[in-house]
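Residues per chain are reported as follows:
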Amino acid sequence: MSLISVENLSKEYGARALFAGVGFALGRGERAGLVGPNGAGKSTLLRILSGREEPDTGRVGLAAGARTGHLTQDPELP
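My aim in this report is to walk through the structure given alongside it, one point at a time.

Some words on the side chain of E53
Phase 1 of the analysis: Structurally, E53 is set in the loop between α1 (42-49) and β3 (57-62).
Phase 2 of the analysis: Polar side-chain contacts of E53 include one of 2.3 Å to the side chain of Y13.
Phase 3 of the analysis: Here the side chain of E53 touches R47 through a polar contact of 2.9 Å, side chain to side chain.
Phase 4 of the analysis: Excluding its chain neighbours within four sequence positions, the residues that come into contact with E53 are K11, Y13, T44, R47 and I48.

As structure tokens, then:
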């Protein structure tokens, strides 16, 4: 059973497509790495997975009781 499943995600800013057709599933105990150049959309994808941002297309599904968290690259600390 998947803790998180992602189907056909896409995100664009104006005419610039960051990613399209992203899909994967992670089960309990599985780990994944996210690697790419600056500006490729890694942080945007993580914001979408954590519910802080909406994708243009696709969906993110979480298993019952599963939660996501997101620590920003540049936290605003008091």
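A few points about the sheet that holds β3
Phase 1 of the analysis: Strand order in the open sheet made by the three strands is β2-β1-β3, with antiparallel pairing throughout. Edge positions in the open sheet fall to β2 (16-27) and β3, since each of these has one partner strand only. Taking each pair of neighbouring strands and ignoring which way they run, the sheet shows an average axis angle of 15°.
Phase 2 of the analysis: Where strand β1 (residues 2-13) lies against β2, eight bridges are found, and the strand directions are antiparallel. Note that in β2 the partner of S5 across the bridge is A25.
Phase 3 of the analysis: This element, α1, spans β1, β2 and β3 of the sheet and lies at about 130° to β1.

Here's the deal with the environment of G21
Phase 1 of the analysis: Tracing the backbone through its elements, the reader meets G21 in strand β2.
Phase 2 of the analysis: Note: C-alpha distance between G21 and L71 (50 residues apart in sequence) is 25 Å.
Phase 3 of the analysis: Residues contacting G21, with those up to four places away along its chain left out, are N8, L9 and S10.

Points about the environment of F24
Phase 1 of the analysis: Counting through the fold element by element, F24 comes out in strand β2.
Phase 2 of the analysis: We classify F24 as partly exposed; its relative accessible area is 28%.
Phase 3 of the analysis: Taking the C-alpha atoms as reference points, F24 and S10, 14 residues apart in sequence, are found 13 Å from one another.
Phase 4 of the analysis: If near-sequence neighbours (up to four positions away) are discounted, F24 is found in contact with I4, S5, V6 and L49.

Each value, and the rule that gives it
Think of each chain on its own: its residues are numbered from 1, step by step along the sequence as written. Local features are withheld for residues below a pLDDT of 70 in this predicted model, meaning they are given only at 70 or higher, and side-chain atom pairs are given and counted only at 80 or more; totals for whole chains, interfaces and linings count all residues. By convention in this description, side-chain values take in all heavy atoms of the structure and omit both hydrogens and water. Runs of H or I in DSSP of at least four residues are treated as helices and runs of E of at least two as strands, each being numbered from the N terminus. The term polar contact refers here to a pair of N or O atoms within 3.5 Å; inside protein, the definition further demands a hydrogen-donor-capable atom paired with an acceptor-capable atom, and it admits residues adjacent in sequence only when both atoms are side-chain atoms. The contact definition used throughout considers only heavy atoms, calling two residues in contact when any of these lie within 4.5 Å. In this description, strands pair whenever DSSP reports at least two bridges between them. Axes here refer to lines fitted to C-alpha atoms; in helices the fit is confined to the stretch in contact. Angles between the N-to-C directions go from 0 to 180 degrees. Only protein chains enter the accessibility calculation, which uses a 1.4 Å probe; a residue is then buried when its area is under 20% of its type maximum, exposed when over 50%, and partly exposed in between.

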